[in-house]
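This is what each chain is made of:
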Amino acid sequence: MKDPCMPLRALYALLLFVVCFLPPAAPAQNHTLSGYLIHAASGEALVGGAVQVPGLRQGTYTNQYGFFSLTLPAGTYTLLCSYIGFKTDTQRVQLTQDIQLEIKLQEVHTQLNEVVISASQRAYAEEVKSPQMSQIKLNVNSMKHIPTLAGEADVMKVVQLLPGVTKGGEGTTSILVRGGDPDQNLILLDESVVYNVSHLFGFFSVFNPDALRDMTLIKGGFPAHYGGRLSSVLDLSMNEGNLQSWHLKGGIGLLASRLTVEGPIVKDRASFSLSGRRTYIDKVFGLIDIPVPYYFYDVNAKANVKIGEKDRLYFSTYLGDDVLYTPDQLRDSLQQDSAAFGEVDFGFRLGNLTSTLRWNHLFSSRLFSNTSLIFTRFQYDIGGKVDENSIFIGSNVVDVGLKQDLAHYLSPAHTLRFGGQYIRHRFKPNVVAARGDISQVIEKKEVQPFYSNEVALYLQHEWQLNGKMKLQYGLRLSGAAVPQKVYAALEPRASWVAQVDEHQSFKAGYSRMMQYMHLVSSSTVALPTDLWYPVTRGVKPQSAHQLAVSYTRHFEAIHALFTLEAYYKWMNNLTEYREGANLILNDNFEQELLQGRGTSWGLELLLKRDEGRLTGWLGYTLAFSQRHFEALNGGQPFWAKYDRRHDFSAVGIWEIAERLSFSAVYAYLSGSRFTPQVGQYLYPMPDLSGVEIIPIYAARNSTRLSPASRLDVNLILKNRARKKLRSEWSLGCYNVFNSPTPYRVNINYTPERGLYYAQPSFLGRVLSVAWNFEF
């Protein structure tokens, strides 16, 4: 019988192991240099900034709140602080006691400055040294100039261009990472989980780029404080708001407009940021009597206050909805055309609400704490009414969570991170209410909610073994409690780096991830029929193991960073639905699900340049992804639907002059897979009244759609600055050559050709224009 205390004993053993290898308490002559790296103009924290002491060849990064800590022997040091896009700050520090600094860096608004390039050089040097692998940090401001569909800057479309990431369908915002499924990505906005990341049935993401500060994608070698999903972590942070002065910025495009206002509540102590975005296609087409009964909107808000030298509070929230409604013209037409129609109304609403309250506290110059209270809600409502008949269908997920993270900067060679998390999930799928004659066909269902309690504890140690090797290892103990069942698992994590010299290194990593909830959906985009549900007695938690090795090289002469990475991942208890499964209005949908195994492996290349007149990246992925379900494909392994063999992308932003820049994206992607029909036979009806045509299919997912390629371009013309106003025009073209982009297959018939497959394309050439401004 399995020992229920085994996970706790293993965690305790790891803690003892870490403590045994920690250095003794710092002697009296050592002191701690700590503080914050901030934007000089706005007062906002700079995340991931480099703080270095060249004389000792030691340094560190700022955390997600801009905090750093270094414990050094007493003495006088030169301190170099740098951040990409900012001037490097040099300070002379005499360390005779513990010191806390607030270091302000000046932003450089043009990429033509060599000081900026030196900052990126230092950032690349730190990336070569870091044991963290499979991680890509993206500059949100640069992403705004990358050409996208209809000129709407979209962070999810940019993420799809990175190696290791593929999209679910042309034009959509869904992502599949290293052979995983769409529900296996942990997408966080200020630590709150975002369940639905798309608007307009997947064509635009819910993230307003004007509201974002930074974002990080992790595909493997996961730090121990992340958990709950198998394939990736996309961590996004919202703007904190300017502590010094008021600012207004926004943009007007063909489909939507956005506006952001930020400023101090109390100068140097408290600030806020408020952003809004809405489509207006329903209003524009309504002016010419063409009903387009749809719109979406987003609202982001964040406030923060410095309570003292050691405490700071943050509150952030996001609200976004897709709304489909009955236009007045259609309602009036239906009621006039037929006496059979009385009052007519229909529509749906689908959206997210997230809120996070965070408290930063410094227990000492070496012990940093963050406590977060988190709320998330995802829901959809579908309603319809014809005369006296009405129907309502709804579903929702509500999370309430508490998270505690601590970082103990013991010395430059040792950093300990530990904490825990609790989430109370509430799932309420397939709520149905009906009134009138239709209630005799569709039965009203008062669904009792499902509850799941998810908990995790973690411990991680980052250890500088010597001048060229660093080890990051940890353990996460996770579990979920559902009625009549408790699941628990250990999730070990480890990554290691060995430097060949200051410009190149080799890395290796292993991670195990658990996932205690599933998504029931027949699509890779969010629809009003998606169902999230917890693990139950019949559906087990998903798990994944991943091994990865990489080579990183900093090419100083061209100011670029190159990464070559290989990975192998094996997954258990993946879910698929049975052929012909009924997933809608089905309280017993668990019986429609199957569980099986999956493997994926591949090779990824990335060459990126973050600063200078020409920036961007080249990315390539060679990937393989298989599934094995006993009840599918005769029990034989088969290729996953989105097993795309080759994925290449080239992204470039060229600053031609101070007021003129040009950007382009070229992407090539192998087609997704499908199960072809290879024949058919006739089967007589039991009463001999006719015959039934029965299709014959080949092996599951044995054939590919045709590959697709696309070129997008964008021209940015900045207007001359007028007092405090800065503005720019963006002229773009999506799919310049109008290349075909197959998204599904149809079986067609003509007398000349008989039965044949056709691959309809989607989203041809799309022109766009937008005006962006900032005060």
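Provided above is the structure to which this section pertains.
Just so we're clear, the structure is a prediction, and the values are computed from it rather than from any experiment.

## Points about the sheet that holds strand β3 (residues 58–61)
Here four strands make up an open sheet; going across it, the order is β3-β2-β5-β6 and the pairing antiparallel. A strand with exactly one partner marks an edge of an open sheet, and here the two such strands are β3 and β6 (89–95). Taking each pair of neighbouring strands and ignoring which way they run, the sheet shows an average axis angle of 20°. Both strand β5 (residues 75–82) and β6 contribute to a ladder of seven bridges, which runs antiparallel. Counterpart to Leu 80 in the pairing with β6 is Thr 90.

## Section: the pattern of salt bridges
In the structure shown here, the tally under the stated rule is 29 salt bridges. Measuring nitrogen to oxygen at the nearest pair gives 3.1 Å for the salt bridge that ties Arg 178 to Glu 565. Here Arg 178, found in the loop between β10 (175–177) and β11 (185–189), pairs with Glu 565, found in strand β33 (residues 560–577); they are 387 residues apart in sequence, far enough to count as distant. Overall, Arg 178 belongs to the buried group, its relative accessible area being 1%. A salt bridge links Arg 645 to Asp 643, with the nearest nitrogen and oxygen atoms 3.0 Å apart. The residues Arg 645 and Asp 643 share a single accessibility class, namely buried.

## A closer look at the packing of aromatic side chains
Taken as a whole, this structure holds 20 aromatic pairs when the rule is applied. Arranged with centres 5.1 Å apart and planes meeting at 70°, the rings of Tyr 195 and Trp 532 form a pair that is edge-to-face. Of this pair, Tyr 195 sits in the loop between β12 (192–193) and β13 (198–199) while Trp 532 sits in strand β31 (residues 531–534), placing them 337 residues apart in sequence. Each member of the pair, Tyr 195 as well as Trp 532, is classed as buried. Ring centres of Phe 204 and Phe 296 lie 6.3 Å apart, and the angle between their planes is 40°; on these two criteria the pair is classed as tilted. Taken together, the residues Phe 204 in strand β14 (residues 204–205) and Phe 296 in strand β20 (residues 294–306) connect sequence positions 92 residues apart.

Thresholds, definitions, all that
Residues numbered from 1 in each chain as written. Predicted model: local features only at pLDDT ≥ 70, side-chain atom pairs only at ≥ 80, totals over all residues. Heavy atoms only, no water. Pairing = 2+ DSSP bridges. Helix = DSSP H or I, 4+ residues; strand = E, 2+ residues; numbered from the N terminus. Axes fitted to C-alpha atoms, helices over the stretch in contact; angles between N-to-C directions. Salt bridge = Lys/Arg side-chain N within 4 Å of Asp/Glu carboxyl O. Buried < 20%, exposed > 50% of the residue type's maximum accessible area, 1.4 Å probe, protein only. Phe/Tyr/Trp six-rings, centres within 6.5 Å; stacked < 30°, edge-to-face > 60°.

Any functional reading would require information beyond the geometric quantities listed.
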